[in-house]
Amino acid sequence: MTSYITPADLKASLSLEDQSYADQDIELAIAAASRGIDGMTGRRFYKDQDANRIRYYTPTRHDTLYINDLVELTALRVDGEEWEEGDYRLLPLNAAADGHPYTTIIPVGRRRFPAGVVGGVEVVGRFGWPEVPDAVRAATSILATKLLKRTREAPFGVVAFALDDGTAVRIARNDPDVRFLVDSYMRNQARSVNLG
């Protein structure tokens, strides 16, 4: 998984460029902070290297399909049939121009999604975000700094902020600066019901 800032970025912001004593803690704090931002927002901001990732969706409507953040669509198959480019439209229309991902697919013409069919839509492409937004990078830096500080001040230099225990998400949700930076990037949970 990709981190949203580098150890060099965090070291520069903390004026630790020439120090190496905390490198392992810095890398762990950055990874935990990046995944904490993902957990808090309900999305990830790095993009797949592979343009052939497959995700399956269960449409809840015939005219709209909410998908995971998508940078590039390779193929769209509905009930096993591959749709042509003119059979659907990716939304928002200006996503690529604005540096955002596509989040919705709508059918065009007589096409319809099979509402209620489990895994009835197969989306193949490159998922994620085109580039990590500056606000996400800043929030990651703030959160990684807090996690690093906790690690360095913990008794015997040990603190548990494993990537899967939710610590980074809890800290992020309670930090007003982090919240301010990523609030506009929160995935609408009501639309996430059919995300695979």
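### As for the overall build of the protein
Counting its regular elements, the protein contains six helices and six strands. The secondary structure elements of the protein, listed N-terminal to C-terminal, are α-α-β-β-β-β-α-β-β-α-α-α. Within the span of the protein, comprising 196 residues, buried residues form 45% of the whole. Of all intrachain contacts in the protein linking residues separated by at least 6 positions in sequence, the fraction that spans at least 24 positions is 77%. When the accessible surface of the protein is split by element, carbon and sulfur atoms take 48% of a total near 10600 Å².

### A word on the layout of surface pockets
Picture a little ball the size of a water molecule; that probe, rolled over the atoms, points out where space is still empty. In this model, the largest pocket occupies a volume close to 160 Å³. Grouping the amino acids of the lining of the largest pocket by side-chain chemistry returns three nonpolar, three polar and six charged.

### Quick notes on the environment of Asp87
Structurally, the position occupied by Asp87 is in the loop between β3 (81-82) and β4 (88-91). Considered as a pair, Asp87 and Leu76 are 11 residues apart in the sequence and their alpha carbons are 9.5 Å apart. Asp87 has contacts with Ile106, Pro107, Val108 and Arg111, leaving out every residue within four places of it along the chain. Engagement of the side chain of Asp87 in a polar contact is seen with the backbone nitrogen of Glu84, the distance being 2.8 Å.

### A short note on helix α2 (residues 23-41)
Over its 19 residues, α2 extends 27 Å from the first C-alpha to the last, a length consistent with the 27 Å expected when each residue adds 1.5 Å. Most of α2 sits inside the fold, with 14 of its 19 residues counted as buried. The first or second residue beyond α2 is Gly42, which carries a positive phi of 80°.

### Some words on the pattern of salt bridges
Inspection of every chain in the model, using the stated rule, returns 15 salt bridges. Salt-bridge contacts for Arg53 lead to Asp48; the nearest nitrogen and oxygen are separated by 3.9 Å. Relative accessible area serves as the criterion here: at 42%, Arg53 is assigned to the partly exposed category. Looking at Asp48, the relative accessible area reads 9%, which means it is buried. Of the charged contacts in the structure, one is a salt bridge between Glu122 and Arg77, with a shortest N-O distance of 2.6 Å.

### Some words on the confidence of the model for the protein
Residues at a pLDDT of 70 or more form 84% of the protein, whose mean pLDDT is 86. Counting interchain partners and residues more than four positions distant, the pLDDT-below-50 stretch residues 156-164 has 15 contacts.

### So, the environment of Asp50
Within the fold, Asp50 resides in the loop between α2 and β1 (53-57). Sequence separation between Asp50 and Phe127 is 77 residues; the distance between their C-alpha atoms is 8.7 Å. The residues touching Asp50, leaving out its near neighbours within four places in the chain, are Gly125 and Arg126.

### Quick word on the nonpolar core
Leu10, Ile37, Phe45, Val136, Leu143, Leu147 and Val182 are the most contacted members of the largest nonpolar core, which has 27 residues in total. Contributions of two or more residues to this core are made by α2, α4 (134-153), α5 (167-174) and α6 (176-182). Among the nonpolar cores identified, the runner-up in size contains 17 residues, and Leu70, Val78, Ala95 and Phe127 belong to it.

What counts and how
Residues numbered from 1 in each chain as written. Predicted model: local features only at pLDDT ≥ 70, side-chain atom pairs only at ≥ 80, totals over all residues. Heavy atoms only, no water. Helix = DSSP H or I, 4+ residues; strand = E, 2+ residues; numbered from the N terminus. Buried < 20%, exposed > 50% of the residue type's maximum accessible area, 1.4 Å probe, protein only. Contact = heavy atoms within 4.5 Å. Areas by Shrake-Rupley, 256 points an atom, 1.4 Å probe, with all protein chains shown as cover. 1 Å grid on protein atoms, 1.4 Å probe; cavity = no way out; pocket = protein on both sides within 12 Å on 5 of 7 lines; lining within 4 Å. Points joined across faces, edges and corners; volume = space filled by probe spheres on them. Nonpolar A, V, L, I, M, F, W, Y, C, P; charged D, E, K, R; others polar. Polar contact = N/O pair within 3.5 Å; in protein donor to acceptor, adjacent residues only side chain to side chain. Expected span 1.5 Å × (residues − 1). Salt bridge = Lys/Arg side-chain N within 4 Å of Asp/Glu carboxyl O. pLDDT = per-residue confidence, 0-100. Core = buried A, V, L, I, M, F, W, Y, C linked by side-chain atoms within 4.5 Å.

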